[in-house]
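Structural overview for review
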Amino acid sequence: MSIYILGIESSCDDTSAAVICDGYLKSNVIASQKVHEAFGGVVPELASRAHQQNIVPVVSEALRQAGIEKKDLAAIAFTRGPGLLGSLLVGTSFAKGMAIGLGIPLVDVNHLHAHVLSHFIKTEENDEVPEFPFLCLLISGGNSQIVMVRSPYDMEIIGKTIDDAAGEAFDKCAKVMGLPYPGGPHIDRLAKIGDPKRFRFSKPHIPGLDYSFSGLKTSFLYTVRDGMKEDPAFISNNQADLAASLQHTIIDILTDKLAKTPQLKEVRHLAIGGGVSANSGVREAIQRFCDNRGIQAWIPPRAFTTDNAAMVAAAGYFKYLSNDFCDLSLPPYSRVTV
Ligand code: KG4
């Protein structure tokens, strides 16, 4: 009998539901919240209200697109954390209510594990998956980590940001340039026509495998501030070069640490995940990095880079197969360390 898993994701500002059948994706519906654009960042209270409005239609649509009914589900997987607590509560409560109503098991999923396991979302067109152990560079709006992945349940964070995440550096610098939120995709677009060597921004010098992006943000801000003293139209006159140089520096910071990772010798595969892995420059650089070292690169389809429930369902499927279910009393958590 086919095993259908419903995944529910509500950790930040995307309400998403997906259905996988025996590991194969059947539907992945995402309602992105436009309400935050006017504020230049996610407003937690508005995010949870929008999740409340979206969750029922999004889940119904995911079931419809998968061609199944509620009664066909074997389990419900939901993002337990980390994320915004008010947002997580909507998905968690909904998943619990639905599981009780249907009398089926509930599977809690760590959002960051789900990003890593997004490479296990099989589709009719592509059902290849990475080989364990592999390294994963997890780069999103809230996290930048190098993860050693030994199995779906055994992941070790061997490097992490000590301040801002890579996505935050993209978004905050884009904000300085007056670009809309989230700025990452705008920087990506502009970088394609800019000179990556035109501006030099400072890079962190911290030992080990940890990342830091706050100094880069300051360096970017000072470059723009000084430039504007000479030329009030400095930003518009240099938009593409600023974007390309920023993106180039972020990629350098990311790949410099990866190159220093001792575990590179233990793996044959390297994956990237998280919203920033949608970046064209990052994708090309990681492909090159892996090609130069004879390692297989795993670059996710763009649809699976930002928050989505397909990855939650895929991560939940692993837990389902090992009967790793959660209790209905389990609360969501906002922080990484629980
Ligand atoms: O993983 P994600 O959807 O949300 C979490 O942080 O959980 O990542 C969002 C981040 C934002 O910072 C956004 O600007 C960035 O991913 N992003 C990009 C691109 N697409 C999304 N950054 C650079 N280039 C892109 N093409």
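Reading the values: rules and limits
Residues numbered from 1 in each chain as written. Predicted model: local features only at pLDDT ≥ 70, side-chain atom pairs only at ≥ 80, totals over all residues. Pairing = 2+ DSSP bridges. Helix = DSSP H or I, 4+ residues; strand = E, 2+ residues; numbered from the N terminus. Axes fitted to C-alpha atoms, helices over the stretch in contact; angles between N-to-C directions. Contact = placed C-beta atoms within 7 Å. Near = placed C-beta within 6 Å. Domains from an automatic or database assignment.

Let us look at the sheet that holds strand β7 (residues 144-151). If you walk across this open sheet you meet the five strands as β8-β7-β6-β9-β10, and the pairing is mixed. Lying at the two open borders of the sheet, with one neighbouring strand each, are β8 (154-160) and β10 (296-298). Adjacent strand axes in the sheet meet at a mean angle of 25° when their direction is disregarded. Pairing between strand β6 (residues 134-139) and strand β9 (residues 269-273): five bridges, direction parallel. For Leu138, the partnering residue across the bridge sits in β9 and is Gly273. Across the sheet, helix α7 (residues 234-259) lies against β6, β7 and β8, angled at about 155° from β6, the strand it touches most. Along the sheet face, helix α8 (residues 280-293) touches β9 and β10 and points at about 160° away from the line of β10.

In the vicinity of the ligand, 20 residues are found, and the nearest of them are Ser140, Gly141, Gly167, Gly184 and Gly275. Mapped onto the shell around the ligand, the elements with two or more residues apiece are α4 (166-176) and α5 (184-191). The element that contributes the greatest number of residues to the shell around the ligand is α5, accounting for four residues. When we break the shell around the ligand down by domain, the ones giving at least three residues each are domain 1 (4-126 + 304-321) and domain 2 (134-267).

Before going further, it helps to spend a moment on the sheet that holds strand β2 (residues 14-21). In a beta sheet, neighbouring strands are held together by backbone hydrogen bonds and run either parallel or antiparallel to one another. Strands sit in the order β3-β2-β1-β4-β5 across an open sheet of five strands; the sheet is mixed. Two strands close off the open sheet at either side, each with one partner strand: β3 (24-32) and β5 (106-110). Averaged over all pairs of adjacent strands, the angle between strand axes in this sheet comes to 20°, irrespective of strand direction. As judged from the six bridges shared by strand β1 (residues 4-9) and β2, these two strands associate in the antiparallel manner. Following the sheet pairing, Ile5 is matched in β2 by Ile20. Helix α2 (residues 85-102) contacts β1, β4 (73-81) and β5 of the sheet and is inclined by roughly 160° relative to β4.

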